[in-house]
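In case you want the letters, here they are:
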Amino acid sequence: MKSLRRTLFAVFAVATFVAFGQAPKIEFTEYDLSNGLHVILHQDNTTPIVAVSVLYHVGSKNEDAERTGFAHFFEHLLFEGSENIKRGEFDKYITNAGGTNNANTSNDRTFYYEILPSNQLELGLWLESERMMHAKIEPEGVETQREVVKEEKRQRMDNQPYGSILTEILKHAYTVHPYRWPTIGSLDHLNKATLEEFIDFYHTYYVPENATLSIAGDINIEEAKKSIDKYFKDIKRGSKPVPRPNVIEPPQTKEVRDVVFDNIQLPAVIEAYHMPEQGTDDAYALSMLSTLLSGGQSSRMYKALVDEQKKAYAVQAFPFASEDPGLYIIFGLSNIGVPVEELEEAMNAEITKVQKELISENEFQKIRNQIESDYVQGNSSMIGIAEQLADYHVYYGDANLINTELDRYKKITREDLQRVAKKYLVPENRVVLHYLPKSAQQKPGDTQLKSDN
Amino acid sequence: MRLVYFLSTLVLVSSTVLAQVDRSKAPAPKPAREIKIGEYQSFTLKNGLQVFVVENHKLPRLQVSIQLLHDPILEGDKAGYVSLAGDLIGTGTTSRSKSQLDEEVDFIGASLNTSSYSMYGSSLTKHSEKLLELFTDVLYHPAFRQEELDKLKTQTISGIAASKDDPEAIAANVRSMLIYGKDHPYGEIATEATVDAITIEDCQNYYQTYFKPNNAYLVMVGDISLKEAKRTAEKNFEVWQSGEVKPIKYDVPKQPEKTFVALVDRPASVQSIVNVAYPVNLEIGSDDAMKARVMNHILGGDFSSRLNQNLREKHGYTYGSGSQISSDRLVGRFTASASVRNEVTDSAVFEIMSELKRIMREPVSDNELKAAKASIAGSFGRSLEHPQTIASFAVNTARYNLPKDYYSSYLQRLDAVTIQDIQSIASKYIQPDHAYIEVVGKGSEVAEKLKQFGEVKYYDINAVEYEPKDSKPLPAGLTAEKVIDKYLSALGGRQKIEKVQTVKLTYKASAMGQELFMKIYKSPGKSLMEISNGGDFIFQKVLRNGDDVSMMVMGNKQEIDESEKERIKYESEVFPDLHLAGVKPWLISVDELDGDDVYVVEINFPKGTRKVDYYDVETGLKLRTENEVSTPEGPKRFPLTIDGYKEVQGIKFASKLIQQQGPMSLTFELQDVEVNPKLENSIFK
């Protein structure tokens, strides 16, 4: 009797678990203010914190080719203050309230956020509405931030091993599309830009109809709505439509290849293949393909190149997805003493294998499980949820994808993986870069010739 | 119409009334919601394993971990084995090879990691049974395969080799040894030799001694009820056999009697890493620890701290400066640090020491205290978003015997810290007179000026103290030009050298089982350097023809910036030291190089690059040349050593060239020299 009860209990427990095995639905409310500002609210009162974020649908792809780096520059400039916030005080309001904040810029959008104790929600709204309504764009702030951005570029790109990889990939992969320059852009362009140009950029893109206010955390929806009204309602729409680039990158027809020297110890091989824009079925298939190739230690590339052949120190495949057609990137770091050609060959062998042989049911199930696990565990923080909701709204016009995107992955078949591998992962569609240590460039010579670095 | 107009006016008016918002100042905070710390449960299994459960159903996932509680181990001549043992445990079981284990972990989208003091696994709830099967297989039946140990040893040794070049890693090693001493587990340094000595048995012994339930906590966090957690723990962990784990006692490291400077001389450094550090006895969870945390926040805890404001914002010495004070079960430590340019090293130390003294002598301001408290309270509040935080609170409370309400009263105790507390805690724990001032930097440029802070002692990168050779004074009247003249005489004399119009040199090296050939052709205003496999495959080719300089690597043309072109042109002359075209050499010092006294001569090119030559004081010959290249850690020099000369037609040519690059070195041996051969113009195209 005792053992029977146990068994029953176990069966019951398992059944419960399977029911729980769904990602919990993320409830949210969304609406537009009359000035076009889109608002998304997610209430979760577990912890007394609140994440306040504003996503502006402007990134480096909106820039003038002669004024690259503007979008990212604004991410700095808009901490300089506003009509009611003195220079240098923006951050202080937040830290003194026990909060934290940051911002980031991509080629498609710029994202600002604060995480505050929940009783300080209005502080976050005030700061963000000041930024949107009447940020100060003045010579002094512009000068200061030019210097800071210079240091940032030095530290994050110039001085960082492999820091120039993305810049080099984009430069080689795109010929006409504004994705051809990196978000950090050109310091020269920033130096040449006039104050009027900055002001114009602000009035063009930093307008409520181009923004999404996404808030997650310990709020009361109705009270939050009132507070949002209070601070954002009076912000005026822009005076002109928000421009959207419509440049189409012509298909690449021939493999592009180059060598880059950098301050690195281990040489690297990077392959970048053109891929369709995010949200398409093929983009989802390619995303699954990267799990097959490099997700976990049993993945094909990790197992073959790192564990067995010991040719690579690390290897990674990932879609660099974006609003317009993006790139599928495969990156391999060679072990000491392994020539890059050998590593590249071994990487390509894994791609050929996917193209030639349909993957097994079992391996496919593994990838689906991995993706499900990542997806379900993905939204564990308030700021993460706020950002996801805003992204889904802006890119796909459907914030509810935060609950349903997994279904799109579930539609993808084994045949799809093979098909996209054959369609996109071909030499004429790619850029191949070899990264070599600068010291290899400074070849040995006799003392008299000793030369070229 | 009128009505509509009227209505809309009304709407307008009312909305204006509603929108009466005072934008001129920040909104006042609403009453703060009480911060409640999440709950946890705890129980103990028959074998002594204490279990902690944090129930949180927000996400359908379960995280399981084991934490081991034994004292740190002194590893001696096998330093590094504890860490290796921890990694090795996760590389396969007696019934699963590493790749089988990886496959099964990935198949359920889980993660599973091991280390010397812990094990961690996580998966979706629906796979938790499988996760526990894998977790316990690793915990009970690790395989300890020799090939996996060998793989880990190779990786560790590569890491050690790479870190010899890394000033941050050197600083960390030497600092630990200074603070804790060689006979303390926190002060040991793993080297190639100690890692090489590690055996499978060492790892097995470690596992067999310490992976015991009575030496562990089991922590389960996530989508699991207490009842289910109990069942899971009993089913999976009650079979775990307990064993005796003895505590290990260590002497508590002492602060130095008197502050001194510990200099790690790194001639290639252009930046000094400065750390003012010493051990502190700060008990985990004590009142002092709380006060010290607030004090340290003001001194060097974040961007707006005093150290950063002083050294970065006010003086511009550094990209960032800060400090830390830690409580620890054996012994904690205080560190204040910055990375600064060579020439401001002493000034930076001075400012750090001044800030230490200031926080002891003067009360902090009310604003500083408020801001520090807000910042600490804020990050405490945000950390509660993650259920793992609750688990770590539970574990710490049990492990360090903290009062039951330690975390729930944390914010009240934080709030109670006063200005007077800060000052008294600073006087107790800030010890500028009993500190190690560790500097990793270029001794010849920084040592002298550091004497004002105490005795300057020299340490090598393995933290062994040594007596520096007194730097010899430069002979009066000696100049760089004279050193170079002596070198040219040693080569064969200006007269003979001036007659050399063209030259052709061939060197051979072998690397990774492959032969490399380097050919050098020089003619006035023209040069060619080519490295090939001896056949068609050309790795690199550098060509100068008049003003044109180009470089090809593996068949691809490389961009060369103007400063590099300048140097290539300079070096492409048959004997560049003969005319010193457009540059001015400087005699820097008399130094020692591998046991030989050498003159150090620097040449700074107008467009910014630099090279340093080392000439044997006795023979006059050049022994080494270094080119400076910018790298992530700042400029770095790539040395090329000349090992011997060969005389051809009365002129000496370098017979062996050794290029050192991190852990690798490449030796080129001279095969053939032709003096004044006829060189076709086509060679240089």
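Residues numbered from 1 in each chain as written. Chains lettered and ligands numbered in written order. Predicted model: local features only at pLDDT ≥ 70, side-chain atom pairs only at ≥ 80, totals over all residues.

Draft legend 1. The overall build of chain B, seen in detail. The number of helices and strands found in chain B is 21 helices and 28 strands. What you see for chain B is a C-alpha radius of gyration of 33 Å, clearly larger than the 26 Å of a compact globule of 685 residues, by over 25%. C-alpha atoms of chain B, sized along the principal axes, occupy 95 × 80 × 75 Å. The proportion of buried residues among the 685 residues of chain B is 38%. In chain B, of all internal contacts separated by at least 6 residues, the share reaching a separation of at least 24 is 68%. (Helix = DSSP H or I, 4+ residues; strand = E, 2+ residues; numbered from the N terminus. Rg over C-alpha atoms; globule rule 2.2 N^0.38 Å. Buried ≥ 20, exposed ≤ 12 C-beta atoms within 10 Å, placed from the backbone. Contact = placed C-beta atoms within 7 Å.)

Draft legend 2. Structural detail: helix α2 (residues 81-89) of chain B. With seven of its nine residues buried, α2(B) lies for the most part within the structure. For α2(B), the set of buried residues is B:Y81, B:V82, B:L84, B:A85, B:G86, B:L88 and B:I89.

Draft legend 3. Representation of the confidence of the model for chain B in the model. Residues and elements named next belong to chain B. Overall, the predicted model of chain B reaches an average pLDDT of 89, with 95% of residues at or above 70. Across chain B, the secondary-structure element scoring lowest on mean pLDDT is helix α1 (residues 2-18), at 39, and the one scoring highest is helix α4 (residues 128-140), at 98. Here residues 1-19 is modelled with pLDDT under 50, and outside its nearest four sequence neighbours on either side it reaches three contacts, counting other chains as well. The ipTM, which scores confidence in the relative placement of chains, is 0.86 for this predicted complex, and the corresponding pTM is 0.78. (pLDDT = per-residue confidence, 0-100.)

Draft legend 4. Focus on the environment of A:L187. Residue and element names in this part refer to chain A. One can find L187 in helix α7 (residues 187-192). For L187, a count of 16 C-beta atoms within 10 Å corresponds to the partly exposed category. Spatially, the C-alpha atoms of L187 and K150 are 7.0 Å apart, while their sequence positions differ by 37 residues. Here L187 is in contact with K150 and K153, once residues within four sequence places are set aside.

Draft legend 5. Inspection of the domain arrangement of chain B at higher detail. Residues and elements named next belong to chain B. Under the domain assignment used here, chain B contains domain 1 (41-164 + 186-237), domain 2 (260-466) and domain 3 (480-684). For domain 1 versus domain 2, the separation of C-alpha centres amounts to 32 Å. Listed as interface residues are 16 residues of domain 1 and, on the opposing side, 12 residues of domain 2. It is strand β6 (residues 216-222) that contributes the most residues to the side of domain 1 that touches domain 2, four residues altogether. Grouping the amino acids of the side of domain 1 that touches domain 2 by side-chain chemistry returns eight nonpolar, seven polar and one charged. (Domains from an automatic or database assignment. Nonpolar A, V, L, I, M, F, W, Y, C, P; charged D, E, K, R; others polar.)

Draft legend 6. Expanded view of the pairing of strand β10 (residues 326-334) of chain A. Residues and elements named next belong to chain A. In terms of burial, β10 is largely enclosed, as nine of its nine residues are buried. Of the strand pairs in this sheet, strand β8 (residues 268-275) and β10 are connected by eight bridges, and their pairing is antiparallel. When the sheet's bridge partners are listed, Y273 is paired in β10 with Y328. Note that strand β9 (residues 312-320) and β10 share eight bridges and pair antiparallel. From the neighbouring strand, A312 faces β10, where its bridge partner is S334. (Pairing = 2+ DSSP bridges.)

Draft legend 7. Local environment of the domain arrangement of chain A. Residue and element names in this part refer to chain A. As far as domains go, chain A holds domain 1 (29-232) and domain 2 (256-441). The distance between the C-alpha centroids of domain 1 and domain 2 comes to 29 Å. For the side of domain 1 that touches domain 2, the secondary-structure elements that each account for two or more residues are β2 (38-43), β3 (49-56), β5 (110-117), α6 (165-173) and β6 (211-217). Of the residues contributing to the side of domain 1 that touches domain 2, the split by class is 15 nonpolar, 11 polar and six charged.

Draft legend 8. Up close: the environment of A:P319. Residue and element names in this part refer to chain A. If you trace the backbone, P319 turns up in strand β9. A residue is classified by how many C-beta atoms lie within 10 Å of it, and P319, with 21 of them, is buried. C-alpha separation for the pair P319 and D258, spaced 61 residues apart in sequence, amounts to 21 Å. Discounting chain neighbours no more than four positions away, the residues touching P319 are M275, A283, L286, S287, S290, G326 and Y328.

Draft legend 9. Structural view of the sheet that holds β6(A). All names here are of chain A. One open sheet holds the six strands; their spatial order is β1-β2-β6-β3-β5-β4, and the pairing between them is mixed. One side of each edge strand has no neighbouring strand; the edge strands of this open sheet are β1 (29-32) and β4 (100-105). In this sheet, neighbouring strand axes are inclined to one another by 15° on average, regardless of whether the strands run parallel or antiparallel. Two elements, β3 and β6, share seven bridges in a ladder whose sense is antiparallel. Opposite S53, over in β6, you have S214 as the bridge partner. The sheet strands contacting helix α2 (residues 70-77) are β4 and β5, and the helix crosses β4 at an angle near 165°. (Axes fitted to C-alpha atoms, helices over the stretch in contact; angles between N-to-C directions.)

Draft legend 10. Highlighting the pairing of β6(A). All names here are of chain A. Counted residue by residue, β6 has seven buried out of seven residues, so it is predominantly covered. Going residue by residue along β6, you find A211, L213, I215 and G217 tucked away on one face and T212, S214 and A216 tucked away on the opposite face as well. Relative to β6, β2 runs parallel, the two sharing six bridges. The partner of H42 across the bridge, within β6, is A216.

Draft legend 11. Spotlight on the sheet that holds β6(B). All names here are of chain B. Spatial strand order, β1-β2-β6-β3-β5-β4: six strands in an open sheet with mixed pairing. Each edge of the sheet is formed by a strand with only one pairing partner; in this case those strands are β1 (41-44) and β4 (111-115). Direction aside, the axes of adjacent strands within the sheet are offset by 10° on average. Pairing between strand β3 (residues 61-68) and β6: seven bridges, direction antiparallel. Bridge pairing links L62 to G222 in β6.

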